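The chain contents come next:
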4 protein chains.
Amino acid sequence: MAGQRKLRMGMVGGGPGAFIGPVHRIAAELDGKIELVAGAFSQSADRSKAAGEMYKIDPARAYSDYRAMIEGEKKREDRIDFVAIVTPNHLHMPVAVAALEAAFPVMSDKPATATYAEAVELEKAVAKSGLPYGLTHTYAGYSLVREARQMCASGELGTIRKIAVEYLQGWLTNPIETSGQKQAAWRSDPAQSGAGGCIGDIGTHAFHLTEYVTGLKVVGVNASLLSVVPGRKLDDDCTALLRMNNDAQCVLMTSQIAAGERNDMRLRIYGEKGSLEWHQEEPNGLSVKWQDGPEEIRHAAGGYLSESAKAVTRLPGGHPEGYLEAFAVLYREFADVLNASQDKWQAKLPPTLPGIEAGVRGMRFIDRAVESSKRKSWVEF
Amino acid sequence: MAGQRKLRMGMVGGGPGAFIGPVHRIAAELDGKIELVAGAFSQSADRSKAAGEMYKIDPARAYSDYRAMIEGEKKREDRIDFVAIVTPNHLHMPVAVAALEAAFPVMSDKPATATYAEAVELEKAVAKSGLPYGLTHTYAGYSLVREARQMCASGELGTIRKIAVEYLQGWLTNPIETSGQKQAAWRSDPAQSGAGGCIGDIGTHAFHLTEYVTGLKVVGVNASLLSVVPGRKLDDDCTALLRMNNDAQCVLMTSQIAAGERNDMRLRIYGEKGSLEWHQEEPNGLSVKWQDGPEEIRHAAGGYLSESAKAVTRLPGGHPEGYLEAFAVLYREFADVLNASQDKWQAKLPPTLPGIEAGVRGMRFIDRAVESSKRKSWVEF
Amino acid sequence: MAGQRKLRMGMVGGGPGAFIGPVHRIAAELDGKIELVAGAFSQSADRSKAAGEMYKIDPARAYSDYRAMIEGEKKREDRIDFVAIVTPNHLHMPVAVAALEAAFPVMSDKPATATYAEAVELEKAVAKSGLPYGLTHTYAGYSLVREARQMCASGELGTIRKIAVEYLQGWLTNPIETSGQKQAAWRSDPAQSGAGGCIGDIGTHAFHLTEYVTGLKVVGVNASLLSVVPGRKLDDDCTALLRMNNDAQCVLMTSQIAAGERNDMRLRIYGEKGSLEWHQEEPNGLSVKWQDGPEEIRHAAGGYLSESAKAVTRLPGGHPEGYLEAFAVLYREFADVLNASQDKWQAKLPPTLPGIEAGVRGMRFIDRAVESSKRKSWVEF
Amino acid sequence: MAGQRKLRMGMVGGGPGAFIGPVHRIAAELDGKIELVAGAFSQSADRSKAAGEMYKIDPARAYSDYRAMIEGEKKREDRIDFVAIVTPNHLHMPVAVAALEAAFPVMSDKPATATYAEAVELEKAVAKSGLPYGLTHTYAGYSLVREARQMCASGELGTIRKIAVEYLQGWLTNPIETSGQKQAAWRSDPAQSGAGGCIGDIGTHAFHLTEYVTGLKVVGVNASLLSVVPGRKLDDDCTALLRMNNDAQCVLMTSQIAAGERNDMRLRIYGEKGSLEWHQEEPNGLSVKWQDGPEEIRHAAGGYLSESAKAVTRLPGGHPEGYLEAFAVLYREFADVLNASQDKWQAKLPPTLPGIEAGVRGMRFIDRAVESSKRKSWVEF
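A few points on the structure. Everything quoted here is computed from the prediction, not taken from an experiment.

### Remarks on the overall build of chain A
At step 1: Looking only at helices and strands, chain A has 12 helices and 15 strands in total.
At step 2: Computed over its C-alpha atoms, the radius of gyration of chain A comes to 20 Å, within 12% of the 21 Å expected for a compact globule of 381 residues.
At step 3: Projected onto its principal axes, the C-alpha positions of chain A cover 60 × 50 × 40 Å.
At step 4: Looking at the 381 residues of chain A, the share that counts as buried comes to 68%.
At step 5: By sequence separation, contacts in chain A at least 24 residues apart represent 69% of the contacts at least 6 residues apart.
At step 6: Entry remark: accessible area of chain A is about 12600 Å², with carbon and sulfur atoms responsible for 50%.
At step 7: Computed over 44 positive and 47 negative side-chain charges, the separation of the two mean positions in chain A equals 2 Å.

Laid out in structure tokens, this is it:
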């Protein structure tokens, strides 16, 4: 694959009314390396067709079923190069497996699957296929998250001793899932969302960010999952203590009933020499507080940043980049993997791009958090 | 007591090298209602004398023992009107009891005592004396803490469903108690500090602030206390889940090994309609995030604030008041209690001024947190 | 033009090493309505070819001269729908005129031309052509700039009485134009940049933002232009008082030698009832300070925002959008103009999209500021 | 003067309803070196008596005329040690001269006098007396203002090339001086306030801060003074360009009709290597932006601060100090001057404490700004 043309993407999910479909489309195309050319956007043929028109793709390539898309594309000379999965959670696994079996690499929205058992199964399917499988843990694409990761890896902060991660939203403050809000409906339905509500939808992001930035692994979980809104089937507010493999403790707090909060994800990491704090809603600054010196604010695109951080910005300092740009970084890295392969796809992802291992760990986290909360005690990870 | 003269304060503790003694002196005198006239500043006669000179009081009234101060002052025509206690924790109780028995009202630094058992005993002594006993939970004196308290009381936020309170410091990141730092030494010594380290020193502030602002009471505790620095005898990092009496859950996080943090106390309260956030390091703003409208920032001294908030600022908006001013509010309210009494001291404090009840609850909190952490499970409060 | 396919864009400028070319490409394509298909990216054939490969366009459509591009494209069935101009300033006018004469609508980077005289000439060419001409004053594309504009239009703030606008950068702190930095070199060269240095490069953005948001017009200018760095031919630091057509005064401050600043553009508008403040580096919040109530922070994507503000965000609240997204809004609105035209292009732009009138006023502003600074006195606009 | 007792202060002005009287009382007494013992608080005997009761001073020392106070105190054994002047501006000079002639050192609120001519005269009186004369330019007392001053002196920022100082308030947005608001009434009356309105009341603070921090001197002024509110006799909004003695330019913006602003004083200083920014409303942080490195936030009480900054805080980091504490620093330094004198008062102030020279320059600034605004041109300072 020479990189002389754009890679062709086929999307599953993302039909009218979806939030995340257009996000994937923009992110995939932003760096000029990928174009959306096909999709099974909805299980309704009419809706899939409408989405195809919205995306301005060839009507013949707006399929109403992901199997049809896979079959149809396999026959084309100008077939898609990979499949992007943006459906509700319960379809992530079957679509991914089908794509991989048809030799299409996969870029999937998170969480990887609906259950931990599925994730283990999917991991096998990925291994068997030898194909690249990427997982869009968006926040991993922010430049200053990369900087924080590099700081932990380099030991700048000293031994890490305490972590506080939180992800707070308020949009499920009221039981809107009972009144037709589509995004809320599937997320609150165990059949479509899996065993975790808030812990699965956004807790996994917080979990992933923690391991991704610190380089540490969770080895124990003590979680408290609550359904604060009466009648809600899944958790909407969770707090967990996590024991890391270096014995540091992490406090993870996540909620979707935090009225007034938008998308308030924060990560604080305390080492022996200093600490860092990053906040998703103002992603272009990273606070570093030294025990023995002034606080530093590292700004995106600063010439003093690590190479890993500088590699993923597109604009000079002071020109804010946001969520879509971070998302696009993951697609760019995925495209680079595909473009680097000569004869066959190269399954190995760069360490900065989350893949199936992160997916399995995320599902394991949900599983362990649910179990710990039931038992009201610590459980091994 | 007619208020035509300043009230006379005698201080126990606060000798050379103490941090909190001068703070109490400034706070007590700031609003022009109290003057420091006597003290048993240190158990060393020389040091107490030196402190007396520093404070510019009559050398005859710089005692080297609190019992001597109480005896000496009782005999004077111009005797002190009350005793302020600013010693290490283990002396709080004996000094308070001695003062009350000699008919002197007491203003004490927190925590009220070194153990829960002592607190119960002290509560009885206060009741028996019929005298005012105030506790300097400083943060209760901030104007916007009063505003937040009023917002909870009025129901503006709707039913409170989630609370997050944190108090993070980094000054015990290294084992400075082993190298002669006086503040660190007594706080890390169970004999002087009591059963709680971080949880007692600053966790109690967070606990008090939570109950003070929300008007709710803690009924269950699930705490994890850690001694992160090797060899430290007391906890230096704690996380606790608290169940409030309306079933809301509170996440309390406190640490003294959070490298780089100064005095980072934050309170967030989530109701059904919106939430509020207050941060001690920038105390003159209160963020209110409505579920259905723009975020509000209420600024100290704003004409739109509640009467309770406006009553405790001294300057027009934009002229920052800080820690000393908040501290002074408590002394002012204490002075008002004394001045309001005609023949005998009026024991009843205004609801805004923490007293022995808050002191007992704080000690109970330490006791329950230590117990829960040992048992690794929830305990009743 | 039915909107059933993407509009085809041909770009002039934006070759290797250019900052703004890729920005225009991303912005144009972001909303899925436009694709870059041709370009005269550089006057060097090799460099233009290399850019074509980078952009992954048909090699046959990577021209080495804008005239060649216009001629070549005119002959194609699948010809470009419009021309985007991203060259240094002195080429803006000739390229725009050539495109318009060949019946291609134009989307131009700012400033519209190199001199005021050229701008007047270009205005005539636009009028004669009857074609759409858009100008990428990027900051006009931010959602909260639209909110601020709507607030001024609605009279919410009362009569506007004072404006403070500033745009500070530090990248020309040192004379980097003498050591081969390409961006600095042409901007510091009157032959390529025009009569204004800092005032032309970024002062025009501040000027435009002021008129755009307030709806007022500048009628008088009193400017002080400085060349702080020795040897620099053009101004690098400017302050101007502006008299608006309602007699309000605006203080405009701009600099490129403000060491340490990145892209610090701020707008403050003071009305009789309150004021607003917007800051480009944190573009997703708008502070509104009422004279008689709490400060408000309006956040991007809030349900309470004006329709005009809500129309230009793509993500839920708390998912930050930035500079590229704002830029893309202008291209989206330009695409909508083209798509709305049936037989011939519709020249009329929506009031939210800057066009040639804004371009002429911007060039007039540079001209008047330079003149005022020479005379050291007020001049009429 | 041995410092073994508190210094005794007599205050002129500051009667009931005054804002600044209690501020001076608190500030003077805060560090335990001074006590208020006498005053001529009002020209009404009843009001002065009421103030004396409020301040809890000996009724015999609540005078109704400053001359009576000076005469009365001269006769006492325990006479006052100095006079604090907190009247409206037009009385500053006569009171100061009377006090100095009676051998009382003076601590005066700013501006030093009502006119420049008076200031020159007062300067002579101070010189003749050989007594200490301090001027309460409050903002000079903030720790991080001292840090900024030290940074300029040490050359850390390189040559200073640009300054932006602003002081914005909104409290005169409406013509409240016509409806009995006392503070507004005298400030808007040339007979009591002098030739400058906003420029005199707060512009002088901005002017002083600029010279105080940078160590530079203003040598040219180009000012625009406006009376935005119809019927107002004095300016309420001013912008001035200042030429410094090293040719740097300073933009000074001040307003009292900036609706919604409280006490928004900001200082930005741009050197060749970096810049600093300080904001009075959040005074415990100082932003330092390096051209080639991360932004720094220096926090009050940080161990890394300059000695001059550390000398004037009282609390550990993270315990906010504010306006009163800054004010108190000036009184503390004044007390130290008095206490350091053996036989007679030592007239020489430390360089950190503003005195008559600053007072004369401030009045000159008002004079030059008014003149420049009339002439609509630059004037020499």
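### Some remarks on the relation of the copies chain A and chain C
Note on the chain copies: they are related by a rotation about an axis and a translation along it.
At step 1: Each copy of the sequence occupies a distinct position, and chain A is placed on chain C by a rotation of 180° and an axial shift of 0.0 Å, giving an RMSD of 0.0 Å. Given the turn and translation reported, the copies of this chain are related as if by a two-fold rotation axis. Taking C-alpha positions as reference, the residue of chain A nearest the rotation axis is G322 of chain A, located at 2.8 Å.
At step 2: A high fraction, 100%, of the interface residues of chain A reappear at the interface in chain C, so the copies pair face to face through one surface.

### Here we look at helix α3 (residues 66–74) of chain A
Because an α-helix packs 3.6 residues into every turn, residues spaced three or four apart end up facing the same way.
Residue and element names in this part refer to chain A.
At step 1: Within α3, the full set of buried residues consists of Y66, M69, I70, G72 and E73.
At step 2: Residues of α3 that are buried in the fold lie against β1 (7–12), β2 (34–40), β3 (62–63), β4 (82–85) and α4 (92–101).
At step 3: Sitting at the amino-terminal end of α3 is D65, which places a side-chain oxygen 2.6 Å from the backbone nitrogen of R67.

### Here's the deal with the pattern of salt bridges
Oppositely charged side chains may form a pair once their charged atoms are brought near each other.
All names here are of chain A.
At step 1: In total, this model carries 140 salt bridges over all chains according to the counting rule given.
At step 2: K217 is paired through a salt bridge with E357; the nearest N and O atoms lie 3.8 Å apart. Here E357 lies in helix α12 (residues 356–375) and K217 lies in the loop between α9 (198–214) and β8 (218–226), a separation of 140 residues in the sequence.
At step 3: E357 gets classed as partly exposed once you look at its relative accessible area, which sits at 48%.
At step 4: When salt bridges with common partners are traced through the structure, they connect D31, R314, E321 and R332 into a single cluster.

### Re the sheet that holds β1 of chain A
Adjacent strands of a sheet form backbone hydrogen bonds with each other and so pair up, either parallel or antiparallel.
At step 1: Across the sheet, which stays open at both edges, the 6 strands sit in the order β3-β2-β1-β4-β5-β6 (chain A) with parallel pairing between neighbours. The open sheet has two edge strands, β3 and β6 (133–135) of chain A, and neither has a second partner.

### Some details on the packing of aromatic side chains
The way to describe two aromatic rings as a pair is by their centre distance and the angle between their planes.
All names here are of chain D.
At step 1: Counting across every chain of the model gives 44 aromatic pairs over all chains.
At step 2: On the numbers, 5.2 Å between centres and 70° between planes, the contact of F82 with F334 is edge-to-face. In this pair, F82 sits in strand β4 (residues 82–85) while F334 sits in helix α11 (residues 323–340), placing the two residues 252 residues apart along the sequence.
At step 3: On the accessibility criterion, F334 (0% relative accessible area) is buried.
At step 4: Summarising the aromatic geometry, the rings of Y139 and Y167 are spaced 5.9 Å apart at their centres and angled 85° between planes, so their arrangement reads as edge-to-face.

### Let's talk about the packing of helix α4 (residues 92–101) of chain D against helix α5 (residues 116–129) of chain D
All names here are of chain D.
At step 1: At a minimum axis separation of 10 Å, α4 and α5 run at an interaxial angle of 10°. Relative to α5, the element α4 lies roughly parallel. As α4 packs across α5, the resulting crossing turns out to be left-handed. Where α4 approaches α5, its residues M93, A96, V97 and L100 are matched on the opposing element by E118, E121, L122, A125, V126 and S129.

### Points about helix α2 (residues 45–54) of chain C
Residue and element names in this part refer to chain C.
At step 1: Residues of α2 that are buried include every one of S48, A51 and G52, and no others. The buried side chains of α2 occupy one side of the element, clustering within an arc of 105° when seen end-on. Counted as exposed and oriented over 90 degrees from the buried face of α2: D46 and E53.
At step 2: Buried residues along α2 sit in contact with β2 (34–40) and β3 (62–63).
At step 3: Two residues or fewer past α2, K56 is found with a positive phi of approximately 60°.

### Here's the deal with the side chain of E295 of chain A
At step 1: Tracing the sequence through the fold places E295 of chain A in strand β14 (residues 295–299).
At step 2: Within the local environment of E295 of chain A, its side chain forms a polar contact with the side chain of S287 of chain A, the two groups lying 2.7 Å apart.
At step 3: A polar side-chain atom of E295 of chain A sits 2.6 Å from a polar atom in the side chain of H299 of chain D.
At step 4: Filtering out sequence-adjacent residues up to four positions away, E295 of chain A remains in contact with S287, V288 and K289 of chain A together with E295, E296, I297 and H299 of chain D.

### Some details on the side chain of D264 of chain A
At step 1: Of note, D264 of chain A is situated in strand β11 (residues 264–271).
At step 2: What D264 of chain A contacts, discounting residues up to four positions off in sequence, is E166, Y167, L168, H279 and E281 of chain A together with R268 of chain B.

### Section: the interface of chain A and chain C
At step 1: Across the boundary between the two partners, chain A contributes 35 residues, which contact 35 residues of chain C.
At step 2: The contact between chain A and chain C buries some 2800 Å² in all, and 60% of this surface belongs to carbon and sulfur atoms.
At step 3: The three residues of chain A that bury the most area against chain C are K56, R262 and P320 of chain A, which together make up 22% of that side's buried surface.
At step 4: Applying the counting rule to chain A against chain C returns 2 salt bridges.
At step 5: Across the pair E29 of chain A and K6 of chain C runs a salt bridge whose closest N-O atoms are separated by 3.9 Å.
At step 6: Connecting chain A to chain C are 10 residue pairs in polar contact (both at pLDDT 80 or more).
At step 7: For the side of chain A that touches chain C, the secondary-structure elements that each account for two or more residues are α1 (20–30) and α11 (323–340) of chain A.
At step 8: Of all the elements, α1 of chain A adds the most residues to the side of chain A that touches chain C, at 5 residues.

### Quick look at unusual backbone geometry
Note on backbone geometry: most residues besides glycine have negative phi, and most peptide bonds are trans.
At step 1: Residue P111 of chain A follows K110 of chain A across a cis peptide bond; omega there is -10°.
At step 2: Secondary-structure assignment places P111 of chain A in the loop between β5 (106–108) and α5 (116–129).
At step 3: Phi at D247 of chain B is positive, roughly 80°, even though this residue is not glycine.
At step 4: With respect to the helices and strands, D247 of chain B occurs in the loop between β9 (237–244) and β10 (249–255).
At step 5: Classification of D247 of chain B as exposed rests on a relative accessible area of 62%.
At step 6: Residues other than glycine seldom take positive phi values, yet K376 of chain D does so here, at roughly 55°.
At step 7: Structurally, the position occupied by K376 of chain D is in the loop between α12 (356–375) and β15 (379–380).

### Some points on the pairing of strand β14 (residues 295–299) of chain C
At step 1: Most of β14 of chain C sits inside the fold, with 5 of its 5 residues counted as buried.
At step 2: Of the two faces of β14 of chain C, the one holding E295, I297 and H299 of chain C and the one holding E296 and R298 of chain C are both buried throughout.
At step 3: The pairing of strand β14 (residues 295–299) of chain B with β14 of chain C spans 3 bridges and is antiparallel. The residue bridging E295 of chain B from the neighbouring strand is I297 of chain C, located in β14 of chain C.
At step 4: As paired strands, strand β13 (residues 285–290) of chain C and β14 of chain C are joined by 4 bridges and run antiparallel to one another. In the strand pairing of β14 of chain C, G285 of chain C is matched with H299 of chain C.
At step 5: Taking the residues that link successive antiparallel strands as the turn, the β13 of chain C-β14 of chain C hairpin has 4 residues.

How each quantity is defined
- Residues numbered from 1 in each chain as written.
- Chains lettered and ligands numbered in written order.
- Predicted model: local features only at pLDDT ≥ 70, side-chain atom pairs only at ≥ 80, totals over all residues.
- Heavy atoms only, no water.
- Helix = DSSP H or I, 4+ residues; strand = E, 2+ residues; numbered from the N terminus.
- Rg over C-alpha atoms; globule rule 2.2 N^0.38 Å.
- Buried < 20%, exposed > 50% of the residue type's maximum accessible area, 1.4 Å probe, protein only.
- Contact = heavy atoms within 4.5 Å.
- Areas by Shrake-Rupley, 256 points an atom, 1.4 Å probe, with all protein chains shown as cover.
- Lys, Arg positive; Asp, Glu negative; His and termini not counted.
- Charge placed at Lys NZ, Arg CZ, Asp CG, Glu CD.
- Least-squares fit on C-alpha atoms with pLDDT ≥ 70 in both.
- Polar contact = N/O pair within 3.5 Å; in protein donor to acceptor, adjacent residues only side chain to side chain.
- Salt bridge = Lys/Arg side-chain N within 4 Å of Asp/Glu carboxyl O.
- Pairing = 2+ DSSP bridges.
- Phe/Tyr/Trp six-rings, centres within 6.5 Å; stacked < 30°, edge-to-face > 60°.
- Axes fitted to C-alpha atoms, helices over the stretch in contact; angles between N-to-C directions.
- Parallel < 35°, antiparallel > 145°, perpendicular 65-115°, else oblique.
- Left-handed = near helix turned anticlockwise from the far one by under 90°.
- Arc of directions from axis to C-beta.
- Buried area = accessible area lost by both parts, 1.4 Å probe.

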